[in-house]
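Structural characterization, general
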Amino acid sequence: MVVTTEPRTDTPAAASDAPGDVAVKISGVYKWFGEFQVLSDVNLEVTRGERIVICGPSGSGKSTMIRCVNALEPFQRGSIVVDGVSVTDDLKRIDEVRREVGMVFQQFNLFPHLTVLQNCTLAPIHVRKMPRKEADEIAMRYLARVRIPEQANKYPAQLSGGQQQRVAIARALCMSPKIMMFDEPTSALDPEMVKEVLDTMVSLAETGMTMLCVTHEMGFARQVADRVVFMDAGQIVEINTPEEFFSHPQHERTKTFLGQIL
Ligand code: ADP
Ligand code: MG
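In this text, all values refer to a predicted model and were calculated from it rather than measured experimentally.

Here the focus is the UniProt feature "domain: ABC transporter" (unreviewed entry) in the protein. The positions UniProt marks with the feature "domain: ABC transporter" (unreviewed entry) are residues 24-258. Along residues 24-258, the helical share is 39% and the strand share 26%, with 27 Å between the first and last C-alpha atoms.

Below, the structure written as structure tokens:
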């Protein structure tokens, strides 16, 4: 297989905040890890305020796709435009994109040597240059929103997994992102903690946040997703409303997948 490095020729659209505008546009994206093709002609347009759930078998490229959106992974062909800014190799542009996109990972990725509050204020103070007092106030507001303000001065290891993940969500929100991406946020949690994190995500969805969520929590998909994206072998196989996706899956591969997880 040949790895191409064609220059990207997309022209970024004008940035805008109106609902209905395009928040993320992924066009013809191909990616290889060495010889291994991990994404193949991926196309997805996400409208502002839309909630997208991405599912599919392990290894199908879900994480890689969303990591490309905030430039945690480079891609070799195609284009991605986030809030009017093209995701290119230009580091300044990458910083612009990352400032707009909050990311929550399976393993929480909190800084263990910082308190909950310090985890939440680190980027606002150092990246946004916000005065500490203001950063503290905003962080406490978001910690209240994820219902753990009383944990602010503890360290991550003193919290349960569900609490840590809610801190990770609050931390991302402290940067006032326009888009939130979640990569299997409940997969590392004990079953009794899944609901508290999903409830937090549902209430975030109710605020109108644009969300891209990789998850196999199909109840969540039914409850909040505007569209469900099914990936297999590096491709988007099917995109549909949750109703259609669950009741009339179009593709054989979707049917097989749903048969395994439902
Ligand atoms: P998913 O999130 O759907 O489980 P991933 O995007 O993590 O899938 O991975 C897609 C494929 O790419 C898998 O086959 C995985 O082994 C491979 N892969 C992921 N990251 C790397 C990497 N850094 N180097 C090489 N292969 C990778
Ligand atoms: Mg993954």
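Attention now moves to the site of ligand 1. Close contacts around ligand 1 come from Phe33, Phe36, Val38, Pro57, Ser58, Gly59, Ser60, Gly61, Lys62, Ser63 and Thr64, and that covers them all. Between Ser63 and ligand 1, the recorded distance is 2.8 Å, taken from a side-chain N or O atom to an oxygen atom. Contact with the protein chains removes 58% of the 560 Å² of surface that ligand 1 exposes when unbound. When residues in the shell around ligand 1 are grouped by element, the largest group, 3 residues, is from helix 1 (residues 62-69).

Our focus in this paragraph is the packing of helix 3 (residues 116-126) against helix 5 (residues 161-173). To characterise two packed helices, one gives the angle between the axes of the helices and the distance between these axes. Look at helix 3 against helix 5: their axes get within 8 Å of each other, and the N-to-C directions meet at 25°. Classified by the interaxial angle, the pair formed by helix 3 and helix 5 is roughly parallel. At the point where helix 3 passes helix 5, the crossing takes the right-handed sense. Together, Val116, Asn119 and Cys120 of helix 3 and Val167, Ala170 and Arg171 of helix 5 make up the contact between the two elements. Residues that form the contact of helix 3 with helix 5 fall into these classes: 4 nonpolar, 1 polar and 1 charged.

Applying the stated criterion across every chain yields a total of 13 salt bridges. Measuring nitrogen to oxygen at the nearest pair gives 3.7 Å for the salt bridge that ties Glu73 to Arg67. What makes Arg67 partly exposed here is its relative accessible area of 26%. Residue Asp199 pairs with Lys195 through a salt bridge whose shortest N-O separation is 2.8 Å. Placement of both Asp199 and Lys195 in helix 6 (residues 191-206) is noted, with a separation of 4 residues, approximately one turn of the helix. Look at Lys195 and you get exposed, because its relative accessible area is 57%. Salt bridges sharing partners connect three or more residues here, namely Lys31, Arg67 and Glu73.

Direction vectors running N to C along helix 3 and helix 4 (residues 132-145) enclose 125°, while the axes themselves pass 9 Å from each other. The orientation of helix 3 with respect to helix 4, classified from their angle, is oblique. Handedness of the crossing formed by helix 3 with helix 4: right-handed. The segment helix 3 lies against helix 4, with Val116, Leu117, Cys120, Thr121, Pro124 and Ile125 engaging Arg132, Ala135, Asp136, Ala139, Met140 and Leu143. Looking at the contact of helix 3 with helix 4 residue by residue, the classes come out as 9 nonpolar, 1 polar and 2 charged.

This part is about the pairing of strand 9 (residues 227-232). For a regular strand, side-chain orientation follows a simple rule: the groups alternate between the two sheet faces. The buried count for strand 9 comes to 5 of 6 residues, which makes it a mostly enclosed element. Both strand 3 (residues 51-55) and strand 9 contribute to a ladder of 4 bridges, which runs parallel. Looking at the pairing, Cys55 lines up with Phe230 of strand 9. Relative to strand 10 (residues 235-240), strand 9 runs antiparallel, the two sharing 5 bridges. The residue of strand 10 that forms the bridge with Met231 is Ile236. Connecting the antiparallel pair strand 9 and strand 10 is a turn made up of 2 residues, with Ala233 showing a positive phi of about 50°.

Criteria and thresholds
Every chain is numbered on its own, with residues counted from 1 as its sequence reads. Going through the entries in the order they are written, you letter the chains from A and number the ligands from 1. Only residues with pLDDT of at least 70 are given local features in this predicted model, and only at 80 or more are side-chain atom pairs given and counted; all residues enter the totals for whole chains, interfaces and linings. Remark: hydrogens and water are excluded; side-chain values derive from all non-hydrogen atoms of the structure. UniProt positions are given in the numbering used here, feature names are shortened, and annotations may be inferred rather than shown by experiment. Under the scheme used here, helices are H or I runs from DSSP no shorter than 4 residues and strands are E runs no shorter than 2 residues, and both carry numbers assigned from the N terminus. Here a residue counts as near a molecule or strand whenever at least one of its heavy atoms sits within 4 Å of it. Polar contacts, as counted here, are pairs of nitrogen or oxygen atoms within 3.5 Å of one another; within protein the pair requires one atom able to donate a hydrogen and one able to accept it, and residues that are adjacent in sequence qualify only if both atoms are side-chain atoms. To be clear on the numbers: accessible area is Shrake-Rupley with a 1.4 Å probe, and residue cover counts the displayed protein chains and nothing else. Every angle, taken between N-to-C directions, lies between 0 and 180 degrees, and every axis is a line fitted to C-alpha atoms, over only the stretch in contact when it is a helix. Note that the term roughly parallel is reserved for angles under 35 degrees, roughly antiparallel for angles over 145, roughly perpendicular for angles of 65 to 115, and oblique for everything else. Take the far helix as the reference: if the near one is turned anticlockwise from it by less than a right angle, the crossing is left-handed, and if turned clockwise, right-handed. Throughout, a contact is declared for two residues whenever any of their heavy atoms are within 4.5 Å. Note that Gly is not counted as nonpolar here; it falls among the polar residues with everything else outside the nonpolar set of Ala, Val, Leu, Ile, Met, Phe, Trp, Tyr, Cys and Pro and the charged set of Asp, Glu, Lys and Arg. Salt bridge, as applied in this entry: a Lys or Arg side-chain nitrogen positioned within 4 Å of an Asp or Glu carboxyl oxygen. Using a 1.4 Å probe on the protein chains alone, a residue whose accessible area is under 20% of its type maximum counts as buried, one over 50% counts as exposed, and one in between counts as partly exposed. Note: two strands are recorded as paired if DSSP finds a minimum of 2 bridges between them.

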